Number of protein chains: 2
Amino acid sequence: MKNTLKVERAILDLTQDELAQRIGVSRQTINSIETNRYVPSTVLSLKLSAVFGKSVNAIFSLEEGD
Amino acid sequence: MKNTLKVERAILDLTQDELAQRIGVSRQTINSIETNRYVPSTVLSLKLSAVFGKSVNAIFSLEEGD
DNA sequence: TTATTTTGTAAAGTAAACTTTACATTCTAA
DNA sequence: TTAGAATGTAAAGTTTACTTTACAAAATAA
């Protein structure tokens, strides 16, 4: 699964740490999602969706092998 | 987090088992999501989104306490 | 360049997703 | 009413999300 977190974060000019705080997770969690080290829960992706004002489907998308 | 799985499943006339097979998870996984016993991964919710032809945000939504 | 901020990643621990097996209950069809 | 299908749930095991702590590398600002 790929994601556009880095771009969305740039649009809002947020650091990984600032985004993490807004959502209530650790900075490493954001970093790990951004670098595809793990897949977030749906609750987490809905929170990211809310922060960025975009749908989960606009932020995350399936890839070969998912 | 709440979800509309039961309704979407009814629209497509799918059993929990049939839905599970389409997505590649166990029947218990679908049942557990439907009965709010756990939160699916974003990969799983994207697959449900694809099967139902609706956005993740249309199927899942945050509640108080999420 | 030097200091500071941001990012990447690792390790160890906890919590939760997801599996298989299994069984009881509920629903539906004959 | 009886049989079979669908659903709910539980237990035990595996995998993975997510935490905290910690440190190095990269980017940015002075």
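Scroll up for the structure.
How each quantity is defined
Residues numbered from 1 in each chain as written. Chains lettered and ligands numbered in written order. Predicted model: local features only at pLDDT ≥ 70, side-chain atom pairs only at ≥ 80, totals over all residues. Heavy atoms only, no water. Near = heavy atom within 4 Å. Polar contact = N/O pair within 3.5 Å; in protein donor to acceptor, adjacent residues only side chain to side chain. Nonpolar A, V, L, I, M, F, W, Y, C, P; charged D, E, K, R; others polar. Least-squares fit on C-alpha atoms with pLDDT ≥ 70 in both. Contact = heavy atoms within 4.5 Å.

(A) Fine view of the protein's contact with DNA strand D. Residues in close proximity to DNA strand D total 20 residues, the closest being A:Ser26, A:Thr29, A:Tyr38, B:Gln16 and B:Asn31. A breakdown of the atoms of DNA strand D within 4 Å of the protein gives sugar and phosphate a share of 58%. Between a phosphate oxygen of DNA strand D and a side-chain N or O atom of A:Ser26, the distance comes to 2.7 Å. In the model, a base oxygen of DNA strand D is placed 2.7 Å from a nitrogen or oxygen of the A:Gln28 side chain. The residue makeup of the surface near DNA strand D, split by class, is five nonpolar, ten polar and five charged.

(B) Fine view of the relation of the copies chain B and chain A. Each copy of the sequence occupies a distinct position, and chain B is placed on chain A by a rotation of 180 degrees and an axial shift of 0.0 Å, giving an RMSD of 0.0 Å. Such a combination of turn and shift is consistent with a two-fold rotation axis. Of the interface residues in chain B, 100% have counterparts in chain A that sit at the interface too, so the contact is made through matching surfaces.

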